[in-house]
Amino acid sequence: MEINSNTNVSEQHWSEEKEVISSNKPLKYLLHLLKYFPRFFVHSLIFPVGFFYYIFSKHARIVCSIYQKQLQEFTDNKIPKKISPYKQIVSFCLCVLEKMEGWLGKFNYKELNTFEDDLKTLQSQLEEGKGAVLLGSHLGNIELMRSLSSFGENGVSKDYSIITIMELKATSQFNQTLKEINPNVNFQVISPSDFGPETIIQLEEQIEKGGLVVIAGDRTSPNARNRNIKKFFLGKEASFPYGTFLIPALLKAPVYHVYGMRTKTATLKSVYNLYVEKSNISFDNLQRAERETRIDELCQEFVSKLEKYCKLYPYQWYNFFNFWDDSVNQ
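Residues numbered from 1 in each chain as written. Predicted model: local features only at pLDDT ≥ 70, side-chain atom pairs only at ≥ 80, totals over all residues. Heavy atoms only, no water.

**Some thoughts on the environment of proline 48**
Quick reminder of the rule: Secondary structure is summarised from DSSP: a helix means a run of H or I of at least four residues, a strand means a run of E of at least two, and numbering begins at the N terminus for each. Accessibility here uses a 1.4 Å probe with only protein chains present; expressed as a share of the type maximum, an area under 20% marks a residue as buried, one over 50% as exposed, and anything in between as partly exposed.
Along the chain, proline 48 turns up in helix α2 (residues 39-56). Looking at proline 48, the relative accessible area reads 49%, which means it is partly exposed. Through-space distance from the C-alpha of proline 48 to that of valine 90 is 8.9 Å; in sequence the pair is 42 residues apart.

Right under this line is the structure:
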């Protein structure tokens, strides 16, 4: 996750954008602050940091405005009430900070608001030793699930492992810093570029052992840029990664949509709403001829969920590129 300082929003695929922080020293410094200073003090520093990015990153201001205006048009000018790239940038900075807090064990499961959705179904499934696929996005903070599970703060008494599929290049500094500061951080990450037949076998074993496979559905693969699914998102056609929705079909595992959303966009106190919704798309007893249809249906379901939570939390979208520009997404 990164905010790019490049002012041109149409030349590069998101994966080709460089991280603003080319060194992990600022992240390491922030993590030390989190370890030795009160959370209130560290959180207060985020607002001037966000203002810095707002002033000096024209690219971030532009892409935030593009997204918010598209959402506004989709909701007949109701959401958001005000176009504010600054709010979105500050929200992103808080999200990065809260990810760090999670991996340092400073977040508690009791700090999450849960609902009468499918969370208990997922927890029961994990208690029984049955695995699942979690579909997430760059809306909100799905990483809370990973970090809470690392410290046994997940509402499940049975231990289980999590494998995340994500582009390692985009979070290289973040991951490196976590390992240096907290050697006990334990997470498995597979890069899409390393995918092969043996990877699917590894993921199948993960599901059979009662573990989770986590993958985001809102960034196209840099390795398969022309193999995407076109869907209307917020009223305009956009590209979604085919591979993300193929994986559950290959694993034939239950799928859950998961969103961790901050209750307030910019606040010194971190309180999250955790939403878990089980997919209506089943891959059990899937015939080969039906696979493409089910994959397309799952993608459409994902897009509908993404739209739903964008409307509820309009400033917590952390894809800092023009999502609807074909030259960027393909």
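**As for the sheet that holds strand β8 (residues 255-262)**
Here is the rule we go by: We treat two strands as partners when DSSP finds at least two bridges between them. Note on definitions: a residue-residue contact is assigned when non-hydrogen atoms from the two residues lie within 4.5 Å. For helices, the fitted line uses only the C-alpha atoms of the stretch in contact; every axis is such a line through C-alpha atoms, and the angle between N-to-C directions lies from 0 to 180 degrees.
Reading across from one edge, β1-β9-β8-β2-β5-β3-β4 is the order of the seven strands in this open sheet, with mixed pairing throughout. Each end of this open sheet is capped by a strand with a single partner; those strands are β1 (112-113) and β4 (188-190). Taken together, the three bridges between strand β3 (residues 162-165) and β4 define a ladder with parallel strand orientation. When the sheet's bridge partners are listed, threonine 164 is paired in β4 with valine 189. Where helix α10 (residues 291-312) meets the sheet, it contacts β2 (132-136), β8 and β9 (272-278), and its direction lies at approximately 15 degrees from that of β8.

**Observations regarding helix α9 (residues 242-251)**
Burial analysis of α9 places eight of its ten residues in the buried class, the great majority of the element. Those residues of α9 lying buried are Tyr242, Thr244, Phe245, Leu246, Ile247, Pro248, Ala249 and Leu251. Just beyond α9, the residue with positive phi is lysine 252, at close to 55 degrees.

**Side note on the pattern of salt bridges**
Put simply, the rule is: Should a side-chain nitrogen of Lys or Arg be within 4 Å of a carboxyl oxygen of Asp or Glu, the pair is scored as a salt bridge.
All chains considered together, the criterion is met by eight salt bridges. Between aspartate 296 and lysine 231 there is a salt bridge, with the nearest N and O atoms lying 2.9 Å from each other. Separated by 65 residues along the polypeptide, aspartate 296 in helix α10 and lysine 231 in strand β6 (residues 228-233) bring together distant segments of the chain. Classification of aspartate 296 as partly exposed rests on a relative accessible area of 33%. According to the relative accessible area criterion, lysine 231 is buried, its value standing at 10%. Between arginine 294 and glutamate 290 there is a salt bridge, with the nearest N and O atoms lying 3.6 Å from each other.

**With respect to the packing of helix α8 (residues 197-208) against α9**
Here is the rule: Comment on the angle field: the value is read as roughly parallel under 35 degrees, roughly antiparallel over 145, roughly perpendicular from 65 to 115, and oblique elsewhere. Note on convention: the crossing is left-handed when the near helix lies turned anticlockwise from the far helix by less than a right angle, right-handed when the turn is clockwise. In this classification, Asp, Glu, Lys and Arg are treated as charged, Ala, Val, Leu, Ile, Met, Phe, Trp, Tyr, Cys and Pro as nonpolar, and every other residue, Gly included, as polar.
Between α8 and α9, the shortest axis-to-axis distance is 10 Å and the interhelical angle comes to 60 degrees. Considering their axes alone, α8 and α9 lie oblique with respect to each other. Seen along the crossing, α8 lies across α9 with a hand that is right-handed. Between α8 and α9, the contacting residues are Ile200, Leu203, Glu204 and Ile207 on the first element and Ile247, Leu250 and Leu251 on the second. In the contact of α8 with α9, the residues fall into six nonpolar, no polar and one charged.

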